[in-house]
Amino acid sequence: MANLRVVGAGDSISWYQGGWRIFTANIANWVLMALIFGVIAMVLSFIPFIGMIALYLLLPLFLGGMFYSAQKLDQGQASDIMDIFSLFKDQQRLTPLIILGLIMLGVGFVSMVVVGGMMFASVSSSITPGAEMPMMPSIGFGGFLLALIVMILSGMLFLFATPLVVFQNMSAIDAIKNSFTACVKNFPAFIIFMLIYALLAVIAVIPFGLGLLVLVPVFIAATYIGYKRIFA
């Protein structure tokens, strides 16, 4: 288990301040990396079944490249658009990152089954004989609460997992354990960090989703700052 610090709840606000500083150090590079990732994700999403699996497996590699770029800029070094592909050539970290993506896929599938099962149960119990199936079924408060819990737990498992593999050369399992422990011990900061992201995400999608070209890099850079505050 890695050594980690416990920070104050408001410390997560400074993570975004640091993330913005890193983003503005090379705006063009960050936007292009986000665009590359977005295009690849969009193309893969059009491939039934296999595309989604591939996206999950490759996700930590792309994220790892962007975390690496964030570290370079934080240390005053020049970044490059090809940083996003840098972990594809790193034989030491390639396998753990792919395993991490495989675990993300498994957790995502289980989460979908659990929440989908709750929705199906809610709809089934609300239908009376002879009634029509609702066009937009509601999962109810219980289902919403369950979905929220699943999202929070998934975030805790994976928020710091990729940078722990990239910067501390951990295995995927150890990285997930350490990420979860860090989020448990810093739960107020974690919740505030994710609430800010949720609010910014709503704003980012308003201009045809173009705000995500800024939000995604800032969020990744902010997560790097959070990792550095807690683990480094």
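Every chain is numbered independently, its residues counted from 1 as its sequence is written. Per-residue local features of the predicted model are confined to residues with pLDDT of at least 70, and side-chain atom pairs are confined, for both listing and counting, to 80 or more; whole-chain, interface and lining totals are unaffected and use all residues. Each side-chain value is worked out from all heavy atoms of the structure, with water and hydrogens disregarded.

Secondary structure elements are taken from DSSP: a helix is a run of H or I of four residues or more, a strand is a run of E of two residues or more, and numbering for both begins at the N terminus. When helices and strands are tallied, the protein shows 9 helices and 0 strands. Counting from the amino terminus, helix and strand elements in the protein follow one another as α-α-α-α-α-α-α-α-α. Whether a residue is buried, partly exposed or exposed follows from its accessible area with a 1.4 Å probe, protein chains only, as a fraction of its type maximum: under 20%, in between, or over 50%, in that order. Taking all 232 residues of the protein together, the buried fraction comes to 41%. With residues, only the protein chains shown are counted as cover, and all accessible areas are computed by Shrake-Rupley using a 1.4 Å probe. Accessible surface computed for the protein: about 12,200 Å², of which carbon and sulfur atoms make up 75%.

So, on to the packing of aromatic side chains. Only Phe, Tyr and Trp rings are paired, with Trp represented by its six-membered ring, and only when their centres lie within 6.5 Å; those with planes under 30 degrees apart are stacked, over 60 edge-to-face, the remainder tilted. Enumeration according to the criterion identifies 15 aromatic pairs in this entry. With 5.5 Å between their ring centres and 40° between their planes, W20 and F23 make a pair best called tilted. Residue W20 and its partner F23 are both found in helix α1 (residues 11-25); the two are separated by 3 residues, about one turn of the helix. The class of F23 is buried, set by a relative accessible area of 3%. Consider the rings of F167 and Y224, whose centres lie 5.8 Å apart with planes at 65°: the pair is edge-to-face. Taken together, the residues F167 in helix α6 (residues 161-168) and Y224 in helix α9 (residues 212-230) connect sequence positions 57 residues apart. Cluster of aromatic residues (ring-pair linked, three or more members): W15, Y16, F160, F167, F193, Y197, F219, Y224, Y227 and F231.

What is meant by a nonpolar core is a set of buried Ala, Val, Leu, Ile, Met, Phe, Trp, Tyr and Cys residues, joined one to another through side-chain atoms within 4.5 Å. The biggest cluster of nonpolar side chains holds 50 residues, and the ones touching the most others in it are W15, I22, W30, L100, F160, I230 and F231. Here this core takes 9 residues from α9, the largest share from any one element. Whether two residues touch is decided by their heavy atoms; if any such pair falls within 4.5 Å, the residues are in contact. W30 has contacts with I22, F23, M66, S69, A70, L73 and P217, leaving out every residue within four places of it along the chain.

One side-chain nitrogen of Lys or Arg within 4 Å of one carboxyl oxygen of Asp or Glu is enough to make a salt bridge. The tally for this structure, following the rule as stated, stands at 5 salt bridges. Its salt-bridge partner being R229, residue D11 comes within 3.2 Å of it at the nearest N-O pair. Separated by 218 residues along the polypeptide, D11 in helix α1 and R229 in helix α9 bring together distant segments of the chain. Residue D11 is classed as partly exposed on the basis of its relative accessible area of 21%. Given the relative accessible area of 33%, R229 is considered partly exposed. One salt bridge in this structure joins D74 and R21, with 3.0 Å as the shortest N-O distance.

Moving on, we come to helix α8 (residues 187-205). The terminal C-alpha atoms of α8, which comprises 19 residues, lie 27 Å apart, in line with the 27 Å expected from a rise of 1.5 Å per residue. Where α8 is concerned, the buried positions are A189, F190, F193, A201 and A204. Buried positions in α8, seen along its axis, are confined to an arc of 105° and lie on one side of it. In α8, those exposed residues whose orientation departs by more than 90 degrees from the buried face are L195, L199 and V202. What a helix is expected to span follows from its residue count: subtract one and scale by 1.5 Å. Think of it as the arc spanned by the lines of direction from the helix axis to the C-beta atoms.

With 19 residues, helix α2 (residues 27-45) ought to run about 27 Å at 1.5 Å a step, and its terminal C-alpha atoms sit 27 Å apart, in line with that. Contacts from the buried residues of α2 go to α1, α3 (50-74) and α9.

This next bit is on the packing of α1 against α2. The geometry of α1 relative to α2 is characterised by a closest axis approach of 5 Å and an angle of 100° between their N-to-C directions. Comparing their axes, α2 and α1 come out roughly perpendicular. Taking contact as the criterion, the partners of I22, F23, T24 and A25 in α1 are, on α2, I27, W30 and V31. As a working rule, the residues Ala, Val, Leu, Ile, Met, Phe, Trp, Tyr, Cys and Pro are called nonpolar, Asp, Glu, Lys and Arg charged, and the rest polar, with Gly in that last group. Residues that form the contact of α1 with α2 fall into these classes: 6 nonpolar, 1 polar and no charged. Angular values range over 0 to 180 degrees, each being the angle between N-to-C directions of two axes fitted as lines to C-alpha atoms, with helices fitted over their stretch in contact. Any angle between 65 and 115 degrees counts as roughly perpendicular, while under 35 counts as roughly parallel, over 145 as roughly antiparallel, and the rest as oblique.

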